[in-house]
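So you can see what is in the structure, the chains are spelled out below.
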Amino acid sequence: MALRTATSGLNASCPPGRPPAYGIFRYEHPPIFKKFIVHFVRLLSNDDRVAFSYWCKGIVPGSKLDGINVGNDSDIYKLVEFLQSADELSFTNMSLLKEFLLSVGHHELLQELESVELCISIGCILEDYIKFKSVDDFHLKCMKLADSYATIVEFLLTTKEENQELISLVLEQLRQVSDDSKLLEILELLSSQLSWSIVTSTLVITGVLYASFGQVAASGYYVCAFSDTRTSELLTRWILKNGGLKAFDEFIRNKQEVASNGSALSSIGESIKENIKLLGNRIDIQSE
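Overview of the structure. (Residues numbered from 1 in each chain as written. Predicted model: local features only at pLDDT ≥ 70, side-chain atom pairs only at ≥ 80, totals over all residues. Heavy atoms only, no water.)

Side note on the packing of aromatic side chains
- Counting across every chain of the model gives 14 aromatic pairs.
- When the centroid spacing of 6.3 Å and the interplanar angle of 75 degrees are considered together, the rings of F40 and F100 count as edge-to-face. Of this pair, F40 sits in helix α1 (residues 31-43) while F100 sits in helix α5 (residues 95-104), and the two are 60 residues apart along the sequence.
- Here a set of aromatic residues connected by ring pairs shows up, and it is made of F36, F40, F52, W55 and F100. (Phe/Tyr/Trp six-rings, centres within 6.5 Å; stacked < 30°, edge-to-face > 60°. Helix = DSSP H or I, 4+ residues; strand = E, 2+ residues; numbered from the N terminus.)

Regarding the state of the cysteines
- In the structure shown here, the tally under the stated rule is zero disulfides.
- Considering cysteine sulfurs only, C224 is the nearest to C124, which forms no disulfide, with 9.7 Å between them.
- For C124, a relative accessible area of 11% gives the class buried. (Disulfide = S-S within 2.5 Å. Buried < 20%, exposed > 50% of the residue type's maximum accessible area, 1.4 Å probe, protein only.)

Section: helix α2 (residues 46-55)
- Buried residues of α2: D48, R49, F52 and S53, and no others. Each buried residue of α2 sits inside an arc of 140 degrees when the element is viewed along its axis, so together they form one side. Set apart from the buried face of α2 by more than 90 degrees, the exposed residues are D47 and Y54.
- In the core, the buried residues of α2 are packed alongside α1, α3 (62-66), α4 (73-85) and α5. (Arc of directions from axis to C-beta. Contact = heavy atoms within 4.5 Å.)

Let's talk about the pattern of salt bridges
- Inspection of every chain in the model, using the stated rule, returns eight salt bridges.
- Of the charged contacts in the structure, one is a salt bridge between K78 and D75, with a shortest N-O distance of 4.0 Å. With K78 and D75 both in helix α4 and three residues apart, this pair spans about one turn of that helix.
- Residue D75 is classed as buried on the basis of its relative accessible area, which comes to 9%.
- Residues R230 and E233 are paired through a salt bridge, measuring 2.2 Å at the closest nitrogen-oxygen approach. Highlighted residues: R230 and E233, both in helix α13 (residues 230-241), separated by three residues, approximately one helical turn.
- What makes R230 partly exposed here is its relative accessible area of 25%.
- The partly exposed category is assigned to E233, whose relative accessible area is 29%. (Salt bridge = Lys/Arg side-chain N within 4 Å of Asp/Glu carboxyl O.)

By themselves, these are just geometric observations and shouldn't be taken as functional.
Structure below.
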């Protein structure tokens, strides 16, 4: 299935201000998480499946394990479903699968899992950033955030507040593009010349664009919407290659250390200016 644009699914056919009619349950299972589970089941050898069934002992009742046919995909999916219903596995907590894959030495799936976890984490960061109205709002409610996300979310909010005029220009340019395929090309362009500053400005711009639709979204909505896009894939690949969220956090803390002299956000502002230039050039080319 082709990856969608960063705004696909956000213009659902429902009254303004309401989440789509298909309900909240959908957002508990982002497409990227479901795709990984399917791939996980299909790549397990018979010995791996036996080991996975054993790994679930003490979590899954013995009565359920006794009836498991490890050669049957549907039975392995039932194990996964039980782990989810028992809150042992979710798209934000895949530690059980990670520990199992480490124990059986399944490096291919481990690498894929690491990428999926990072992609979902970026989606969670984006969603939290969208839901806070300001840095002050963040300071009032940030105790609900994971520590690993808090610094990044606060930095995105600060960057947005410090660059309102530039971001408004970006939004005006993006609104000139009505064709989703063209919008995808533009957003890919933002993600094709990456640095930590460009990563920051791309997330800031994407979040403001999402929020501009004015839709009140259920928890997990933006995680689902963004994690299933080409833009998310490009960001995830680059961030993973360059040290992950830990490196992103270190970049931010280095910026914060020089905040007292007013230069902390200068490179972010410059990257937003560069994004505006890239967007403008791309839109001009497409309109010819």
